[in-house]
Amino acid sequence: MTGSNCLDSQAVLSGQMGLISDVAVSKCKSYEQTESTHQCLTLTNPFQSAARAFDVTDNQFVLSPIAYFPLVIKVGTSPTRAASINDRTFVLDPAQKAIFEIKEQLESPKDPIKSLDFTPDQWALVLDSANKIWALVVENSASVDIKVHALALDSDSKFSTTLENVKNIDFVTTNLNQTSLLITQSKNLYVLAVSDLISKSDSLASTPNNTFDDAVQAIAASDKEAWLSLSDKTLKRYDWNSKQILASVNLEALGAQIYLPESLAGTPNTCCGGKANWLAVLLTNGKLQYWPYDSKSIGPEPENVSIQSGTGIESLALTQPIKLLGANAEGHGNDGLDCDRRLFLVYTGSLFVTCEGSQNIRYLDRLNP
């Protein structure tokens, strides 16, 4: 298993992680002597055929048995994408055409949980009405007709949906209650019913639910609406039932990642002068913005957090964030962050954390100095 957590991993991890491609959060059992289940970030590195685990509860990387280095979780050939659902973490490996599960003991999986007969690209995980886990995997293909494969991860059930005249997909995500799969292709947004994808094989003459004036750069969806960052440096709030843009604001740089507090279980922290309704946008200029909103509008002004000013990290390292996600550190020790709900800012070579809705940014470790 993993060994002892007696040393401060922040003092010994510099340069050990390398480049990361994706991150997911779920429960973990970091060490044999860990008395309770913690929350961990699983960070994938396709160049090292491995993943690392950051213990959110302990606020440090999980160490290997020799303690001076982070635990290496060997995963397939090129573990590119990670996702978690129902407190389980899965990794997608396009090179090996396989899906692996990293269990809460953080052991290296010997075999994939699912082997694929196609080359995967992007994916999302959903639960059906029986609480079974499905992977909705987009096939990587140069064809004009994209396929979405629905694969039950704990059984042999599978279906395939062909989206006619759709290619070069940019983003795949689900809404919070997992009833809809959202796919973006440049300026186009497609909304597909998950119940159809996991119940039958079909071919759809795909018509976009909406075509925007500019290309989508990031997307996050609640139950009835989507928040989109576009290439014209705007943030838009879109209701896909009415197919209406409810509100739009200008950003000072491209919005690369969007975080919805309701995506993390529990009661969100307030922000922006005590407001309960807000979202976070991570910009390519090294700023984190908290945007308050009401039923009709966004803003009028965001609360700005400068990562560079708060941490001293050079701005060039902050141009391409890969994830903005929340995690619960309930049961944490005296680590200087007096909060349970935490927001992680993940870059290819650096990792930052703050209390959800707070301006106090912490630099955890330079993963690729």
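Given the structure is predicted, the values throughout are model-derived calculations rather than measurements.

**Focus: the sheet that holds strand β23 (residues 255-259)**
Thinking step 1. An order of β23-β24-β25-β26 is seen for the four strands of this open sheet, with the pairing classed as antiparallel. The open sheet has two edge strands with one neighbour each: β23 and β26 (303-306). Strand-to-strand, the axes of this sheet are offset by a mean angle of 20°, without reference to chain direction.
Thinking step 2. Where β23 and strand β24 (residues 278-283) come together, four bridges link them in antiparallel fashion. Of the residues in β24, the one forming a bridge with glycine 255 is leucine 283.

**Things to note about the side chain of threonine 311**
Thinking step 1. Relative to the helices and strands, threonine 311 is located in helix α2 (residues 307-311).
Thinking step 2. In this structure the side chain of threonine 311 is engaged in a polar contact, spanning 2.6 Å, whose partner is the backbone oxygen of isoleucine 307.
Thinking step 3. If sequence neighbours within four positions are ignored, threonine 311 has contacts with Phe352, Ile361, Arg362 and Tyr363.

**Quick word on the pattern of salt bridges**
Thinking step 1. Tallied over the full model, the rule gives nine salt bridges.
Thinking step 2. Where lysine 287 meets glutamate 252, a salt bridge forms, and the shortest distance between an N and an O atom there is 3.0 Å. With a gap of 35 residues between them, lysine 287 in strand β25 (residues 287-292) and glutamate 252 in the loop between β22 (244-250) and β23 connect regions that are remote in the sequence.

**As for the environment of lysine 167**
Thinking step 1. Within the secondary structure, lysine 167 sits in the loop between β13 (158-164) and β14 (171-174).
Thinking step 2. Residue classification places lysine 167 among the partly exposed residues on the basis of a relative accessible area of 36%.
Thinking step 3. With residues up to four places along the chain from it excluded, the contact list for lysine 167 reads Ser143, Val144, Ile146 and Gln185.

**Comments concerning the packing of aromatic side chains**
Thinking step 1. The final tally for this structure, using the stated rule, is nine aromatic pairs.
Thinking step 2. Ring geometry for phenylalanine 54 versus phenylalanine 61: centroids 5.1 Å apart, planes at 85°, classification edge-to-face.
Thinking step 3. When its relative accessible area of 0% is taken as the criterion, phenylalanine 54 is described as buried.
Thinking step 4. By relative accessible area, phenylalanine 61 is classed as buried at 1%.
Thinking step 5. By way of ring pairs, the aromatic residues Phe54, Phe61 and Phe344 are connected into one cluster.

The rules behind the values
Residues numbered from 1 in each chain as written. Predicted model: local features only at pLDDT ≥ 70, side-chain atom pairs only at ≥ 80, totals over all residues. Heavy atoms only, no water. Pairing = 2+ DSSP bridges. Helix = DSSP H or I, 4+ residues; strand = E, 2+ residues; numbered from the N terminus. Axes fitted to C-alpha atoms, helices over the stretch in contact; angles between N-to-C directions. Polar contact = N/O pair within 3.5 Å; in protein donor to acceptor, adjacent residues only side chain to side chain. Contact = heavy atoms within 4.5 Å. Salt bridge = Lys/Arg side-chain N within 4 Å of Asp/Glu carboxyl O. Buried < 20%, exposed > 50% of the residue type's maximum accessible area, 1.4 Å probe, protein only. Phe/Tyr/Trp six-rings, centres within 6.5 Å; stacked < 30°, edge-to-face > 60°.

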